[in-house]
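Chain by chain, the residues run as shown.
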Amino acid sequence: MTSRPFIQFNNFTFRYDSQTEPTLIDINLTIHEGEKVLILGQSGSGKSTLMHCMNGLIPFSYPGEIKGECLIQNQPSTSLSLFKIGQRCGSILQDSDAQFVSLSVGEDVAFVLENQNIERSIMIEKVKEATSKVHMSDFLTQVPFQLSGGQKQKVALAGVLHDEVEGLLFDEPLASLDPVSAKAAIELIDELHQSGKTMIIIEHRFEDVILKEVDRVIVMHEGRIVYDGDVDQLLKLSLCSKYGLREPLYLQALKTFNVPLDSQQSWAFLSSMIIPAFDLPALRPDVNTQSNECVLSFNHVSFQYDERPLIQDVSFNLYQGERIALIGENGAGKSTLAKLMCGILRPQEGNIMLLNQESSALSIAQIGQKIGLVMQNPNHMIAKQSVEEEILFALRLRHKDEELIQSKLIEVLVMSDLKPMRRWPVKALSYGQKKRLTVAAILALSPDILILDEPTAGQDYAHYTEIMSFLESLHKKTQLTFIFITHDMHLAMEHTDRALVLSQGKLIYDGPTFMALSDESLMSQASLRPTSLLGLAQQTGHDPATLAYHFIKEFHHGQ
Amino acid sequence: MANNTMLINFKPNPSFLGRLNGSTKVPLFAVVLTAVLMSFDIRIIAPILLLSSVALSTLKPNKTILKASMIFFVVLNVINIILFWLVDPNVGSFYLGGDRTPLFNVGNMVLTQESLWYLSVRFIKIFTSFMVSLVFIFSITPSQLAAGLASLKVPPKIAAIISLTFRFIPDLANDFQLMKISLQARGLELDASKVNPLERLKRNITLLIPFLLTSFNRVEVVANALDLRGFGHQKKRTYYVEEPPTLADKLMKGLTWLCLFGVMSYVIYMNTLAPTQDMWAFWK
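Keep in mind that this is a model prediction, so the values were computed, not measured.

1. What about the overall build of chain B?
Tallying secondary structure elements over chain B gives 11 helices and two strands in all. Scanning chain B from its N terminus toward the C terminus, one meets helices and strands in the order α-α-α-α-α-β-β-α-α-α-α-α-α. Relative to a compact globule of 284 residues, whose C-alpha radius of gyration would be 19 Å, chain B shows 24 Å and is clearly more extended. The C-alpha extent of chain B, read off along each of the three principal axes, is 65 × 55 × 35 Å. When each of the 284 residues of chain B is scored for burial, the buried share is 43%. Partitioning the contacts of chain B with sequence separation of at least 6, the portion at a separation of at least 24 is 76%. Looking at chain B, you have 27 positive and 15 negative side-chain charges, and the mean spots of the two groups are 6 Å apart.

Next comes the structure, spelled out in structure tokens:
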């Protein structure tokens, strides 16, 4: 490794003009050329602001007050320009869709070259070279609407790879990716690092990033750097929970089972760890919820679009009070299934029974009173300006009696812990509060089933915990049937009892969640990535299902 | 969202016109459209109508979209010329040197040969401009349009705003769809058979607030993405889609110049030297 500094912060403090308090406080940090650095921190810790300082958006796009200095290859960033910084250090933003500004892969990769007024013949060669580095050469004429999130991200990466750029900055590169694409992204980042580039990765999905070795981890908290060292020490000092980060699952499990770990060895790679033997009680079958009332049943349901079968012969029964995980890779048919449940799409074959009523006889609005759909992005759902108005919106559409409306409003506000904020404007809410508001607005309709589409997507561990514990307590209070559509295997494991696994429109598994996630062949058949619990089970010789079962039980008990 | 939705092509049309460069197509269409709009001469308009019909058929446009827009346009225009005639049954005489040759009566109004000619030419002219526009829309991608506009010395920033708009239309449509679904599920009835059109319009406006808010969020990211990749760093920029001109490009460019000369001299002649000249009619 060379020791030439790539980016250097000296006593750096930054305050946005729009804020009274500084967002970054007294940052001292040197990142050397060729290093691979992971910057961790929960939302609001200042890590995105730090990234803006590294890519020049601060000070060139976001005005603010700077104290101290930020040097990029020994030159103060203020003396350069956005363009000059971009030539040394390329940025890949979190929103892979919005940063795709052109209309085809080739054009988007060429975008930076177009802006430099480079001749087309040279441009074509450079585009070819950059796309081959990210393995996207066969996609040059594809339009953005045909690409997955992971592919768009590779395009963004290729777009800044020209001219032997020295360093690459990734802002939460895994935020919108499913587990398999996330693994591919991490491998690609590692491949580029091997070719000698400086890599700076900002993430909170800690366990996913450290699949491949990183040289250094920096933890940000409340605008300051609170840790700067290797992965191993971070894990051993148990700093994750202190700073709102999720510990790798295998470590969580080992701690839950009180397994003493040798602190001489590295804890960063499960496969190289020596773990003392530990005992687990035998697996006991769960209480059967299937004696409850059947709330929703699919009978041989098929649906196709443009002669492409999206759902093929799917049958299942859901019972009151169950917590279901609907899992499967992108395009497996999860959202089509949810749309069929809500009546937005209607089955071409088979039938759907909703509380012993034929769903085909009901309108979307009628089904909506029984099945509530909470969309991934709260902004897609909130139609009104204040908390109260938002909840009242659907109530007023359905009821005339003002007294009933008011009592329902209070009930829902209390249930979702939003009562103190009832007159707040929606704008003033945090992401977690907005999520609660969307759930509250649906609860106002007194549904029997709640479908939650990726309720925690893109959220850090603190927000994840906030949202999920709210949903847990809601489930205890109401005994509604919850259906989680998710990529997050941790969520599925910790918060659901039963899993429906879809692959290419077919239901390939219906049974206890911990069994599904412990079944390696099922996971690979569904193109899903098992959690590190499976690896832990294999390494310690335990039955994966038993291990998972006891971990979840103990884990919940501990909470 | 697939290709060819909502009239926008995101992939170049495989036909002759589709493969031409943006810097060939945009000036060509600009000149042809000007020719149609500036003249009332059927000898110019008719060949353009014929050519644009042929061109449209080579582009193999989506039949349903084509049919719907065709019907809409024809109906609108028929109404337009009928209104013209109702307002002044002698409208043709004004343009044809004051002659008045009655053909027959409709109620107590007279339809003259001159008015019939004038209104027919007017109809064909507007229909032709519509056809030319259709050919343009179906044969060009937003990127080619941006490159073409830049070749006409439109500032690259403005050209980029146009192509960015097209880039995000399908995404915005998708957002809108999701919001609509969410509100429908919460009881907002938007079914055409259950709600009258005015009420439906009002309810769709309810959707606009969250829609605008999500769109504004996107603007910041897009702006950053543009800045970080050096957009606007230099006054001029090149275009990845702008291929080296082929023989077809050169020929069509020549044709554009020829048209430009023809049209310009004709327009200048008609509008300056001979402003009182009557419009051409086959019997005169």
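Having put the structure on the table, let's press on.
2. Things to note about the pairing of strand S6 (residues 89-92) of chain A
Residue and element names in this part refer to chain A. Going residue by residue along S6, you find Cys 89 and Ser 91 tucked away on one face and Gly 90 and Ile 92 tucked away on the opposite face as well. Two elements, S6 and strand S7 (residues 167-171), share four bridges in a ladder whose sense is parallel. By the bridge assignment for S7, Cys 89 is matched with Gly 167.

3. Notes on the environment of Gln 113 of chain B
All names here are of chain B. Checked against the element boundaries, Gln 113 lands in helix H6 (residues 113-139). Between the alpha carbons of Gln 113 and Thr 101 there is a distance of 5.4 Å; along the sequence they are 12 residues apart. With residues near it in sequence (within four places) discarded, Gln 113 still touches Thr 101, Leu 103 and Trp 283.

4. Notes on the sheet that holds strand S19 (residues 498-503) of chain A
All names here are of chain A. Taken in spatial order, the six strands line up as S16-S17-S18-S13-S19-S20 in an open sheet, and their pairing is mixed. At either end of the open sheet lies a strand with only one pairing partner, and these are strand S16 (371-374) and strand S20 (506-512). Between one strand axis and the next, the sheet turns by 20° as a mean value, whatever way the strands run. Pairing of S19 with S20, which is carried by six bridges, proceeds in the antiparallel orientation. When the bridges of S20 are listed, Leu 500 appears paired with Asp 510. Those strands touched by helix H15 (residues 431-443) are S16 and strand S17 (449-453), and its axis lies near 165° from that of S16.

5. So, the pattern of salt bridges
Counted under the stated rule, the structure contains 34 salt bridges over all chains. We note a salt bridge from Arg 237 of chain B to Glu 114 of chain A, for which the minimum N-O separation is 2.9 Å. On the criterion of chain membership, the pair formed by Arg 237 of chain B in the loop between helix H10 (208-228) and helix H11 (247-273) and Glu 114 of chain A in helix H4 (residues 105-115) is interchain, its members lying in two chains. Overall, the relative accessible area of 14% leaves Arg 237 of chain B in the buried class. For Glu 114 of chain A, a relative accessible area of 3% translates into the label buried. Several salt bridges share partner residues, and in doing so they unite Asp 97 and Lys 152 of chain A together with Arg 167, Asp 171, Asp 175 and Arg 218 of chain B into one network.

6. Description of the domain arrangement of chain B
The domain architecture assigned to chain B consists of domain 1 (16-141 + 242-273) and domain 2 (156-228). Distance between the C-alpha centres of domain 1 of chain B and domain 2 of chain B: 34 Å.

7. Some points on the side chain of Ser 518 of chain A
Residues and elements named next belong to chain A. In this structure, Ser 518 sits in helix H18 (residues 513-518). Assessed through its relative accessible area of 13%, Ser 518 is described here as buried. Within the structure, the side chain of Ser 518 is placed 2.4 Å from the backbone oxygen of Phe 514, a separation counted as a polar contact. At 3.5 Å, the side chain of Ser 518 forms a polar contact with the backbone oxygen of Pro 544. In contact with Ser 518, other than residues within four places in its own chain, are Leu 534, Pro 544, Ala 545 and Ala 548.

8. Focus on the sheet that holds strand S14 (residues 349-354) of chain A
Residues and elements named next belong to chain A. Pairing is antiparallel in the open sheet, where four strands are placed in the order S12-S11-S14-S15. Each of the sheet's edge strands pairs with one partner strand only, and the pair in question is strand S12 (308-319) and strand S15 (357-358). When strand S11 (residues 294-305) meets S14, the two strands line up antiparallel, connected through five bridges. Among the inter-strand pairings, Ser 302 is bridged to a residue of S14, identified as Glu 349.

9. Side note on the packing of helix H13 (residues 387-398) of chain A against helix H14 (residues 402-415) of chain A
Residue and element names in this part refer to chain A. It is at 10 Å that the axes of H13 and H14 come closest, and there the two elements cross at 130°. One finds that H13 runs oblique with respect to H14. H14 is crossed by H13, and the crossing has right-handed handedness. In this structure, H13 contributes Val 387, Glu 388, Ile 391, Leu 392, Leu 395 and Arg 396 to the contact, and H14 contributes Glu 402, Ile 405, Gln 406, Lys 408, Leu 409, Val 412 and Leu 413. Looking at side-chain class alone, the contact of H13 with H14 contains eight nonpolar, one polar and four charged residues.

10. Here we look at the environment of Asp 95 of chain A
Residues and elements named next belong to chain A. By secondary structure assignment, the location of Asp 95 is in the loop between S6 and H4. On the basis of relative accessibility, which here comes to 31%, the residue Asp 95 falls in the partly exposed class. For the pair Asp 95 and Leu 237, spaced 142 residues apart in sequence, the C-alpha to C-alpha distance is 33 Å. Polar side-chain contacts of Asp 95 include one of 3.1 Å to the backbone nitrogen of Asp 97.

11. Considering the nonpolar core
All names here are of chain A. Judged by nonpolar contacts, the single largest core of 157 residues is most densely connected at Leu 168, Leu 296, Phe 298, Ile 391 and Leu 471. Mapped onto the domain boundaries, this core takes at least three residues apiece from domain 1 (5-99 + 165-247) and domain 2 (319-344 + 367-531). Leu 24, Leu 29, Ile 202 and Ile 218 belong to the second-largest nonpolar core, a separate cluster that totals 42 residues.

Reading the values: rules and limits
Residues numbered from 1 in each chain as written. Chains lettered and ligands numbered in written order. Predicted model: local features only at pLDDT ≥ 70, side-chain atom pairs only at ≥ 80, totals over all residues. Heavy atoms only, no water. Helix = DSSP H or I, 4+ residues; strand = E, 2+ residues; numbered from the N terminus. Rg over C-alpha atoms; globule rule 2.2 N^0.38 Å. Buried < 20%, exposed > 50% of the residue type's maximum accessible area, 1.4 Å probe, protein only. Contact = heavy atoms within 4.5 Å. Lys, Arg positive; Asp, Glu negative; His and termini not counted. Charge placed at Lys NZ, Arg CZ, Asp CG, Glu CD. Pairing = 2+ DSSP bridges. Axes fitted to C-alpha atoms, helices over the stretch in contact; angles between N-to-C directions. Salt bridge = Lys/Arg side-chain N within 4 Å of Asp/Glu carboxyl O. Domains from an automatic or database assignment. Polar contact = N/O pair within 3.5 Å; in protein donor to acceptor, adjacent residues only side chain to side chain. Parallel < 35°, antiparallel > 145°, perpendicular 65-115°, else oblique. Left-handed = near helix turned anticlockwise from the far one by under 90°. Nonpolar A, V, L, I, M, F, W, Y, C, P; charged D, E, K, R; others polar. Core = buried A, V, L, I, M, F, W, Y, C linked by side-chain atoms within 4.5 Å.

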